[in-house]
Amino acid sequence: MSSSPSSQFTGYAAAWTIVFVWSFWLIVSRVANDSGLTIYDLAAMRYGLASLVALPLCLYYKPWRGLRLFQIAVLSFILGPVYILCVFTGFHFAPAAHGGIFMNGVLPLISITFALLLFQAKPSLRQVMGAALILLSAIVLAWDGSVTSEPDAWVGDLLFVIGAMFFAIYVILSERWQLSAMQIIFCGTVVNAVLYLPIWALWLPSGLADAPMGPLLLQAVYQGFVPNLIGLLLIAHASRSIGTANTSSILAAVPGAAAYWGR
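Only a predicted model underlies this, so the values are computations on that prediction, with no experimental measurement involved.

So what's going on with the packing of helix α3 (residues 69-78) against helix α8 (residues 153-176)? Which residues, and what values?
As a packed pair, α3 and α8 sit with axes 9 Å apart at the nearest point and diverge in direction by 140°. Viewed along their axes, α3 and α8 adopt a mutual orientation that is oblique. Crossing of α3 over α8 shows left-handed handedness. Each of V74, L75, F77 and I78 in α3 lies in contact with α8, whose residues at this interface are F166, I169, Y170 and L173.

Break down the packing of aromatic side chains for me, citing the residues and quoting the values.
All told, the structure shown has 13 aromatic pairs when counted by the stated rule. Measuring from ring centre to ring centre gives 5.7 Å for F77 and F166, while their planes differ by 50°; the resulting arrangement is tilted. Of this pair, F77 sits in helix α3 while F166 sits in helix α8, placing them 89 residues apart in sequence. The class of F166 is buried, set by a relative accessible area of 14%. Through a chain of ring-to-ring contacts, the aromatic side chains of W22, W25, F77, Y83, F88, F91, F160, F166, F167 and Y170 assemble into a single cluster.

Quick rundown of unusual backbone geometry? Include the residues and the values.
At K62, a residue that is not glycine, the phi angle is positive and equals roughly 50°. Topologically, K62 is positioned in the loop between α2 (39-61) and α3. For K62, a relative accessible area of 29% gives the class partly exposed. Even without glycine at this site, Q178 takes up a positive phi of about 50°.

The rules behind these values
Note on numbering: residues in each chain are counted from 1, in written sequence order. Only residues with pLDDT of 70 or above have their local features reported here, since the model is predicted, and side-chain atom pairs are shown and tallied only from 80 upward, although totals for entire chains, interfaces and linings are computed over all residues. Only hydrogens and water are removed before side-chain values are computed, so all heavy atoms of the structure are retained for them. To get an axis, a line is fitted to the C-alpha atoms, and for a helix only the part in contact is used. The angle between two axes follows their N-to-C directions and goes from 0 to 180 degrees. Only DSSP runs of H or I covering at least 4 residues are called helices, and only runs of E covering at least 2 are called strands; the numbering of each starts at the N terminus. We call two directions roughly parallel when the angle between them is under 35 degrees, roughly antiparallel when it is over 145, roughly perpendicular when it lies between 65 and 115, and oblique otherwise. Each crossing gets its handedness from the near helix: less than a right angle anticlockwise from the far helix is left-handed, clockwise is right-handed. Here, residues are in contact when the closest pair of their heavy atoms is within 4.5 Å. Only rings of Phe, Tyr and Trp enter the pairing, Trp through its six-membered ring, and a pair is recorded when the two centres are within 6.5 Å. The plane angle decides the type: under 30 degrees is stacked, over 60 is edge-to-face, the rest tilted. Categorising residues by exposure relies on relative accessible area from a 1.4 Å probe, with only protein chains included: less than 20% of the type maximum marks a residue as buried, more than 50% marks it as exposed, and the intermediate range marks it as partly exposed.

Printed below as a string of structure tokens:
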């Protein structure tokens with residue numbers, strides 16, 4: 001991990017920028033329930049529209065040359081439809097604030113646990129105490145919001161935690177493997193577009209044809225370009241520059257930001 005002042009500055013800037021990007025994404029994803037679009041449509045936008053930008057770049061830079069087949073398979077799966085469909089399904093059961101709490105609030109603890117189990121990376125006492133404090137705050141927020149939540153909100157919360165596990169592994173691997181921007185775009189966008197779009201077009205339910213133009217454009221822009229291009233690149237840069245633990249800790253601010261902007 002780089003320790004130069006400029007790298008540290010851009011790493012922290014990237015992490016705090018993603019807090020705002022992610023908080024708006026939580027809200028946009030939650031309101032997608034009222035657009036008539038299915039979760040499969042949202043996933044198709046995520047991979048399909050982003051690949052329109054990513055494919056020409058990947059054909060030029062050929063990022064697969066620096067990756068083993070195992071790495072391509074693992075990274076593509078982690079950033080693939082299983083992960084994102086869990087998250088989108090969660091928004092059908094739980095409010096956007098819970099998405100922030102259970103995806104980002106528990107991310108530091110999950111990241112520390114996975115780093116220890118997968119790479120024997122022992123956390124410092126400060127990291128453990130910080131993660132525990134963030135987790136406690138997330139639990140308090142979740143309990144406080146449970147009074148006005150839907151009866152099945154716990155289903156959404158569980159799906160958000162599963163999503164956090166996927167994302168924690170991505171953050172760890174982006175630091176461990178020192179993944180480049182184009183390698184992330186290639187696996188997270190192009191590979192998944194090739195695998196998922198035919199399945200969506202042939203067999204999965206869609207509300208694309210009947211969706212109102214306004215909500216459709218909102219979801220297309222935000223789902224198609226923000227999380228899979230801007231978001232993943234910012235996260236990767238932050239984790240390489242300031243480390244997994246620091247990045248995950250900053251992302252724990254997403255629940256509060258989402259709750260504020262979603263008022």
